[in-house]
Amino acid sequence: LLNQALGEAQGDLPLRVRILIPFALAQLNGGQLEASTRTVAVAVAVAVEFGDAQLLGQALSMSVIVDFLEGNGVDDESLSRAVALEKRDPSIWVQLRPHVHHASLLAWTGQLDAAHDRFLVIRQDLIDRGEESELMFVAFISVLNKIWRADFDTARSVVADAHERAMHLSGGLPRGVAL
């Protein structure tokens, strides 16, 4: 199916990148780290070829995430470039946004207070934009960060808020994440 989609998008470079970036995330979530590495490398190359700053930012930040999870540390230069290229676009899934990757990497590298501050801003931005469904992912990783900071009371309140919001969203996934 992926090969068919990519084949149909052969001449449409932006579409190829829009397919490859979430596919790299799916591979990563499926435990296919080496495949994710290859996919995101192609996404970066195609984004560079096309010259779209927004897509390049997404591809670069996904590449930084994959490299980090491979044990290669954080490529601060690529991450900074990705965040600088980002345009806040609500049509982009929150898990693919460079500023969310940045906050996540701060948490994963023990910079818990800086991550906390960024997650507060991200959360408020999502609320202001009416992106309720995107709050579930941010709530999940934010609660982990609060637990790592030993801020259990705030973690509980974020869980309660996420659960309440999830009850108003369709489908079982938001409720599952909130639980």
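Residues numbered from 1 in each chain as written. Predicted model: local features only at pLDDT ≥ 70, side-chain atom pairs only at ≥ 80, totals over all residues. Heavy atoms only, no water.

(A) Just the packing of helix α4 (residues 53-72) against helix α5 (residues 76-85), in detail. Where α4 meets α5, the closest approach of the two axes is 8 Å, and the angle between their N-to-C directions is 150°. In this structure, α4 crosses over α5, and the sense of that crossing is left-handed. On α5, the residues that touch Ala 53, Gln 54, Leu 56, Gly 57, Leu 60, Ser 61 and Val 64 of α4 are Ser 78, Leu 79, Arg 81, Ala 82 and Leu 85. Each residue belonging to the contact of α4 with α5 can be placed in one class, and the counts come to seven nonpolar, four polar and one charged. (Axes fitted to C-alpha atoms, helices over the stretch in contact; angles between N-to-C directions. Helix = DSSP H or I, 4+ residues; strand = E, 2+ residues; numbered from the N terminus. Left-handed = near helix turned anticlockwise from the far one by under 90°. Contact = heavy atoms within 4.5 Å. Nonpolar A, V, L, I, M, F, W, Y, C, P; charged D, E, K, R; others polar.)

(B) Just the nonpolar core, in detail. By size, the foremost hydrophobic cluster in this structure holds 25 residues, and its most contacted members are Val 17, Ile 21, Ala 59, Met 62, Leu 96 and Leu 105. At the level of secondary structure, the elements contributing two or more residues to this core comprise α2 (13-29), α3 (33-50), α4 and α5. No other element matches the nine residues that α4 contributes to this core. In this structure Met 62 touches Ile 21, Ala 24, Leu 25, Val 40, Gln 95, Leu 96 and His 101, once residues within four positions along its chain are discounted. Leu 106, Ala 115, Val 143 and Ala 162 belong to the second-largest nonpolar core, a separate cluster that totals 21 residues. (Core = buried A, V, L, I, M, F, W, Y, C linked by side-chain atoms within 4.5 Å. Buried < 20%, exposed > 50% of the residue type's maximum accessible area, 1.4 Å probe, protein only.)

(C) A look at the packing of aromatic side chains. Applying the stated criterion across every chain, the model contains one aromatic pair. When the ring of Phe 68 is compared with that of Trp 108, the centres are 6.0 Å apart and the planes differ by 15°; the resulting orientation is stacked. Linking Phe 68 in helix α4 with Trp 108 in helix α6 (residues 98-108), this pair joins segments that are 40 residues apart in sequence. You can call Trp 108 partly exposed: its relative accessible area is 32%. (Phe/Tyr/Trp six-rings, centres within 6.5 Å; stacked < 30°, edge-to-face > 60°.)

(D) Just the pattern of salt bridges, in detail. What the rule picks out here adds up to seven salt bridges. Residue Asp 113 is joined to Arg 149 by a salt bridge in which the shortest nitrogen-to-oxygen separation is 3.0 Å. You can see Asp 113 sitting in helix α7 (residues 112-129) and its partner Arg 149 sitting in the loop between α8 (135-148) and α9 (152-166), a full 36 residues away along the chain. (Salt bridge = Lys/Arg side-chain N within 4 Å of Asp/Glu carboxyl O.)

(E) Seen up close, the packing of α8 against α9. Two numbers describe how α8 lies on α9: the axes approach to 9 Å, and their chain directions differ by 165°. What the angle tells us is that α8 and α9 run roughly antiparallel. The hand of the α8/α9 crossing is left-handed. Listed contacts from α9 to Leu 135, Met 136, Ala 139, Val 143, Lys 146 and Ile 147 of α8 are Phe 152, Thr 154, Ala 155, Val 158, Val 159, Ala 162, Arg 165 and Ala 166. (Parallel < 35°, antiparallel > 145°, perpendicular 65-115°, else oblique.)

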